[in-house]
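Here is what each chain is made of, one letter per residue.
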Amino acid sequence: LEDVLRAWAVMESYVDAGTVRSLGITNVHDAEYFDRFYESVRIKPKVVQVRFHSNRQFGMPMRRKFRELGIVEQLFWILTGNGHAIVHPATKAAAAECALTPQQFIYGFILAMGAGRIHPLIGTTNRKHMVQDLEVAKYFDGAVPERKLYVERWFGKDALKEFAGKVFKKPDLITYLDDDKKKKDHPAS
């Protein structure tokens, strides 16, 4: 932790100088480590990059904490680490109905799952794949009315839970959507 804190202090000086707008951290999977880090830094991270893979529980142990602190998650290793999801029959069927590739559908799942707080970090250098990846975001911007039906059918809360259960064996990947609803229904007094 000490090496990370020394490096972070240097980066804080760049924020102070106006050279850098905000800071982020990657590969945080341990709550105790993160708490010690977070309490030790003056400028708090705005973004955290998290590996989206079963061996890291898809980032779930830390997700609530990041949400509470207003930290945006960037998920990486989405396709590379989840090849089973791309070839899963549920993914293929949903993607075909939405006129997307299975890879695009998985990115759509991540965008919908994140409700604006989780973003896929896309590592392709292939121009065609970049264009396809950007096309997925259009499903969520409301610009094409007929796409709204696909968003409601495939990316609504119940559909997300069902898909997460079938493909990732983790229907609770999106339980924070229930938390957000509870907050709206019962705001803190």
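Thresholds, definitions, all that
Residues numbered from 1 in each chain as written. Predicted model: local features only at pLDDT ≥ 70, side-chain atom pairs only at ≥ 80, totals over all residues. Heavy atoms only, no water. 1 Å grid on protein atoms, 1.4 Å probe; cavity = no way out; pocket = protein on both sides within 12 Å on 5 of 7 lines; lining within 4 Å. Points joined across faces, edges and corners; volume = space filled by probe spheres on them. Helix = DSSP H or I, 4+ residues; strand = E, 2+ residues; numbered from the N terminus. Nonpolar A, V, L, I, M, F, W, Y, C, P; charged D, E, K, R; others polar. Salt bridge = Lys/Arg side-chain N within 4 Å of Asp/Glu carboxyl O. Buried < 20%, exposed > 50% of the residue type's maximum accessible area, 1.4 Å probe, protein only. Core = buried A, V, L, I, M, F, W, Y, C linked by side-chain atoms within 4.5 Å.

Some thoughts on the layout of surface pockets
Right, on to step 1. Taken as a whole, the largest pocket holds about 290 Å³ of empty space.
Right, on to step 2. Mapped by element, the contributors of at least two residues to the lining of the largest pocket are α6 (102-114) and α7 (127-137).
Right, on to step 3. Class assignment for the residues of the lining of the largest pocket results in seven nonpolar, eight polar and one charged.

Remarks on the pattern of salt bridges
Right, on to step 1. Considering all chains together, one arrives at six salt bridges under this definition.
Right, on to step 2. A salt bridge links R42 to D16; the shortest N-O distance between them is 2.7 Å. Taken together, the positions of R42 in the loop between α2 (31-40) and β2 (47-51) and D16 in helix α1 (residues 2-16) put the pair 26 residues apart, joining distant regions of the chain. Here R42 matches D16 in class, with each residue exposed.
Right, on to step 3. Notably, a salt bridge pairs E73 with R63, separated by 2.9 Å at the nearest N-O pair.

Quick notes on empty space enclosed by the protein
Right, on to step 1. For the coordinates displayed, the defined rule picks out one cavity of 30 Å³ or more.
Right, on to step 2. Estimates place the volume of the largest cavity at around 30 Å³.
Right, on to step 3. In terms of lining, the largest cavity is formed by V28, H29, V50, R56, G59, M60, P61 and M62.
Right, on to step 4. Sorting elements by how many residues they give to the lining of the largest cavity places helix α3 (residues 60-69) first, with three residues.

Focus on the nonpolar core
Right, on to step 1. Formed by 46 residues in total, the largest nonpolar core has its most connected members in F52, F105, F109, M113, F168 and L173.
Right, on to step 2. Looking at this core, the elements with two or more residues in it are α1, α2, β2, α3, α5 (89-98), α6, α8 (145-155) and α9 (157-167).
Right, on to step 3. The leading source of residues in this core is α6, at seven residues.

In short, the description is geometric, and any link to function would need to be established separately.
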